[in-house]
Amino acid sequence: AQTVTQSQPEMSVQEAETVTLSCTYDTSESDYYLFWYKQPPSRQMILVIRQEAYKQQNATENRFSVNFQKAAKSFSLKISDSQLGDAAMYFCAYRSPRQTSGSRLTFGEGTQLTVNP
Amino acid sequence: GAVVSQHPSWVICKSGTSVKIECRSLDFQATTMFWYRQFPKQSLMLMATSNEGSKATYEQGVEKDKFLINHASLTLSTLTVTSAHPEDSSFYICSSRHATNEKLFFGSGTQLSVL
């Protein structure tokens, strides 16, 4: 079974600064997807960024980028120019190919990000 | 973008009663829906996976007779918590897999409080 580990329960960053959230995972599969989700106080799950394992290029979405190290099974999220609205719980998630488990997501424990003004 | 409507957003019930939570994909068909449970400051734990027209697959440790899942159409799945007890109090979230692009979309969640 796949596991996802987020070793930072809490992180804080100053507004306009950069912060990196860590995530490692364990799998024997070669093809999979990785995601970062944001869960603000409203508790709505919001997709931040996704990465296909077969792609070597790191995904980028505006101020959000990832550092995907497939051999090391590491998938960190970098938030640049942090804004107050970035404050939330961030979950790293792993998704198997559809044919192996129906596309279920396995989530890490989460990292609570605080943005200080 | 695709919208998943989850109702109710919060519910309070007495111990021993049953509560039904609906998850509806408004503008797309969902072949598979997932139900998660989340305790305060914890991660989402998958409870069950439901495919339209077939029985749900429950994760280990989840009582299928207590958490009844029905996926009668490509746009609607329901989770019924039967004979609810205070320990069932939690935040429940559904997720739908788009039938065409296979992306996953989340509902807004339901906070269940059992007195």
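Definitions and limits used
The written sequence of each chain sets the order in which its residues are numbered from 1. Chain A is the first chain written and ligand 1 is the first ligand written, with later ones labelled in order. Only residues with pLDDT of at least 70 are given local features in this predicted model, and only at 80 or more are side-chain atom pairs given and counted; all residues enter the totals for whole chains, interfaces and linings. Water and hydrogen atoms play no part in the side-chain values, which are based on all heavy atoms of the structure. In the sections that follow, a salt bridge refers to a side-chain nitrogen of Lys or Arg positioned within 4 Å of a carboxyl oxygen of Asp or Glu. Strands here are runs of E lasting at least two residues and helices are runs of H or I lasting at least four, both read from the DSSP assignment and numbered beginning at the N terminus. Partly exposed residues are those whose accessible area sits between 20% and 50% of the maximum for their type, while under 20% is buried and over 50% is exposed, using a 1.4 Å probe and protein chains only. Contacts were defined at the residue level, with two residues in contact if any of their heavy atoms lie within 4.5 Å. Buried area: the accessible surface (1.4 Å probe) lost by two parts on joining, summed over both. Pairs of N or O atoms within 3.5 Å make up the polar contacts considered here, provided that, within protein, one atom can donate a hydrogen while the other can accept it, and that residues adjacent in sequence are counted only when both atoms are side-chain atoms.

1. A short note on the pattern of salt bridges
Piece 1. Per the counting criterion, the structure on display carries seven salt bridges over all chains.
Piece 2. When the shortest N-O distance is used, the salt bridge between Arg63 of chain A and Asp86 of chain A registers 2.8 Å. Of this pair, Arg63 of chain A sits in the loop between strand S7 (60–61) and strand S8 (64–69) while Asp86 of chain A is found in the loop between strand S9 (74–79) and strand S10 (88–95), placing the two residues 23 residues apart along the sequence. One exposure class covers both Arg63 of chain A and Asp86 of chain A, and it is buried.
Piece 3. Here Glu59 of chain B makes a salt bridge to Arg104 of chain A, at a shortest N to O gap of 2.8 Å. One end of the pair, Glu59 of chain B, is in the loop between strand S6 (57–58) and strand S7 (67–73); the other, Arg104 of chain A, is in the loop between helix H1 (98–101) and strand S11 (105–107), on a second chain.
Piece 4. Three or more residues joined by partner-sharing salt bridges are found here, namely Arg50, Glu52 and Lys55 of chain A.

2. Some details on the interface of chain A and chain B
Accessible area lost upon the coming together of the parts is a frequently used measure of interface size.
Piece 1. Between chain A and chain B, the residue contacts involve 17 residues of the former and 20 residues of the latter.
Piece 2. Interface area, chain A with chain B, both sides summed: about 1,600 Å², of which 49% is carbon and sulfur.
Piece 3. Scanning the region where chain A abuts chain B turns up one salt bridge.
Piece 4. Summed over the shared surface of chain A and chain B, the result is seven residue pairs in polar contact (both at pLDDT 80 or more).
Piece 5. If you list the elements that add at least two residues to the side of chain A that touches chain B, you get strand S5 (33–39), S10 and S11 of chain A.
Piece 6. At three residues, the largest contribution of residues to the side of chain A that touches chain B is made by S10 of chain A.

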